[in-house]
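One-letter residues, chain by chain:
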Amino acid sequence: MRDYTNELLELIRLTSTNLPKQVEDRLKAALANEEPGSAAQAALETILKNVAMTRKNSTPICQDSGTPIFYIHAPAFIDRDELTRQIRTAVELATKQSYLRPNAVDALTGTNTGNNLGDDFFPTIHFQTSETDVLTIDLLLKGGGCENVGAQYSLPDDNLKAKRDLDGVRRAALDAVYQAQGEGCSPGFLGIAIGGDRGTSYLASKEVFLRDPDDKNLNADLDKLEDQITTEANQLGIGPMGFGGKSTVLGTKIKTAHRLPASFFVTISYMCWAYRRHKMIIIGAKTIYE
Ligand code: SF4
């Protein structure tokens, strides 16, 4: 199997330093929507200046470079153990070159490993089989602050008047945004999973961040709900960084997962404005970054 370490290092550099254009465009639209002279406007201006500067200088978008989460679609010829070794080497090199902050600390002692290599889950690597000869690797860098304000609800929830239906999902999602109060660096994006068990629901709520921010949900009811949650979250007035304003959520994506009859989980993962994700596609000798 080929050595992809250099290509992986470039994927990490790109993801850590170059905010996707669709995310930047949403931040620009949010800026245009805020009141002139407001704290919300100033916060968004600072964010956008930072985005331009880090792209130009190839430096991390945020001091917290997040948990590296890799999603791989691997053809049969890929040796998964070897690719895992190459990913870990690339993560270590990216840390040495300051594209990533050393972020992996011992759960009990807090001792930093210094190289972003922790146990089996750090970095996190998910494998799926590709039906073709094309190897694709998506990388998501998930910040700690926004991870802290993720939430899981077990419906029905009497306090929220949330039943086991789409309105219940809406109520849970809006409660999560309200509880966060802009912490985890709003404006951001909501990844929502309906169903699964507690573990798979959280996995699905993160995986949904791989969807194109501009796409439509294939389920018309969920598509409508995605827009409704974004609109209503922005009516809460929390605003960028919690300073007040019209921009709290820039987009919502929902995914379903089969569940047991006894359970109805709604899991909300929150992605801050530093929505760092890029994809690497390897077709034969060619490498494409998106
Ligand atoms: S939540 Fe996001 S923007 Fe805020 S500090 Fe963490 S990574 Fe940075």
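Quick notes on the rules
- Residues numbered from 1 in each chain as written.
- Predicted model: local features only at pLDDT ≥ 70, side-chain atom pairs only at ≥ 80, totals over all residues.
- Near = placed C-beta within 6 Å.
- Nonpolar A, V, L, I, M, F, W, Y, C, P; charged D, E, K, R; others polar.
- Domains from an automatic or database assignment.
- Axes fitted to C-alpha atoms, helices over the stretch in contact; angles between N-to-C directions.
- Helix = DSSP H or I, 4+ residues; strand = E, 2+ residues; numbered from the N terminus.
- Parallel < 35°, antiparallel > 145°, perpendicular 65-115°, else oblique.
- Left-handed = near helix turned anticlockwise from the far one by under 90°.
- Contact = placed C-beta atoms within 7 Å.
- Pairing = 2+ DSSP bridges.
- Buried ≥ 20, exposed ≤ 12 C-beta atoms within 10 Å, placed from the backbone.

This part covers the site of the ligand. For the ligand, the full set of nearby residues is C62, D64, G66, G143, G144, G145, C146, G184, C185, C272 and A274. Grouping the amino acids of the shell around the ligand by side-chain chemistry returns 5 nonpolar, 5 polar and 1 charged. Taken domain by domain, the makeup of the shell around the ligand includes at least three residues from each of domain 1 (5–15 + 61–143 + 276–289) and domain 2 (145–271).

Two numbers describe how helix 2 (residues 21–33) lies on helix 3 (residues 39–57): the axes approach to 9 Å, and their chain directions differ by 150 degrees. The angle between helix 2 and helix 3 places the two elements in the roughly antiparallel class. Crossing handedness for the pair helix 2 and helix 3: left-handed. On helix 3, the residues touching E24, L27, K28, A30 and L31 of helix 2 are Q41, L44, E45, I47, L48 and V51. Its residues assigned to classes, the contact of helix 2 with helix 3 shows 7 nonpolar, 1 polar and 3 charged.

For the rest of this paragraph, the subject is the sheet that holds strand 4 (residues 151–154). Taken in spatial order, the 4 strands make up an open sheet running 4-7-5-6, and their pairing is mixed. In this open sheet, the two strands that pair with only one neighbour each are strand 4 and strand 6 (249–257). Adjacent strand axes in the sheet meet at a mean angle of 15 degrees, parallel and antiparallel pairs treated alike. With 6 bridges joining them, strand 5 (residues 188–195) and strand 7 (residues 265–271) adopt antiparallel strand pairing.

The next point concerns the domain arrangement of the protein chain. Along its sequence, the protein chain is carved into domain 1 (5–15 + 61–143 + 276–289) and domain 2 (145–271). A C-alpha centroid distance of 26 Å is found between domain 1 and domain 2. Listed as interface residues are 8 residues of domain 1 and, on the opposing side, 7 residues of domain 2. Of all the secondary-structure elements, those providing two or more residues to the side of domain 1 that touches domain 2 are strand 1 (67–74) and strand 3 (135–142). Counting residues per element, the side of domain 1 that touches domain 2 draws most heavily on strand 3, at 3 residues. For the side of domain 1 that touches domain 2, the residue count by class is 3 nonpolar, 1 polar and 4 charged.

Between helix 1 (residues 5–17) and helix 4 (residues 80–96), the shortest axis-to-axis distance is 9 Å and the interhelical angle comes to 50 degrees. It follows that helix 1 is oblique to helix 4 by the angle criterion. Two packed elements cross with a definite hand, and for helix 1 against helix 4 that hand is right-handed. On helix 4, the residues touching T5, L8, L9, I12 and R13 of helix 1 are Q86, I87, T89, A90, V91, L93 and A94.

In this structure, the amide linkage connecting L155 to the following residue, P156, adopts the cis form with an omega of 10 degrees. Examined against the element boundaries, P156 turns out to sit in the loop between strand 4 and helix 6 (166–180). Each neighbour pair has its own omega, and for S186 with P187 the value is 5 degrees, a cis peptide bond. Topologically, P187 is positioned in the loop between helix 6 and strand 5. For N116, which is not glycine, the phi dihedral falls at a positive 70 degrees. Along the chain, the position of N116 falls in the loop between helix 4 and strand 2 (124–129). We classify N116 as buried; it has 23 C-beta atoms within 10 Å.

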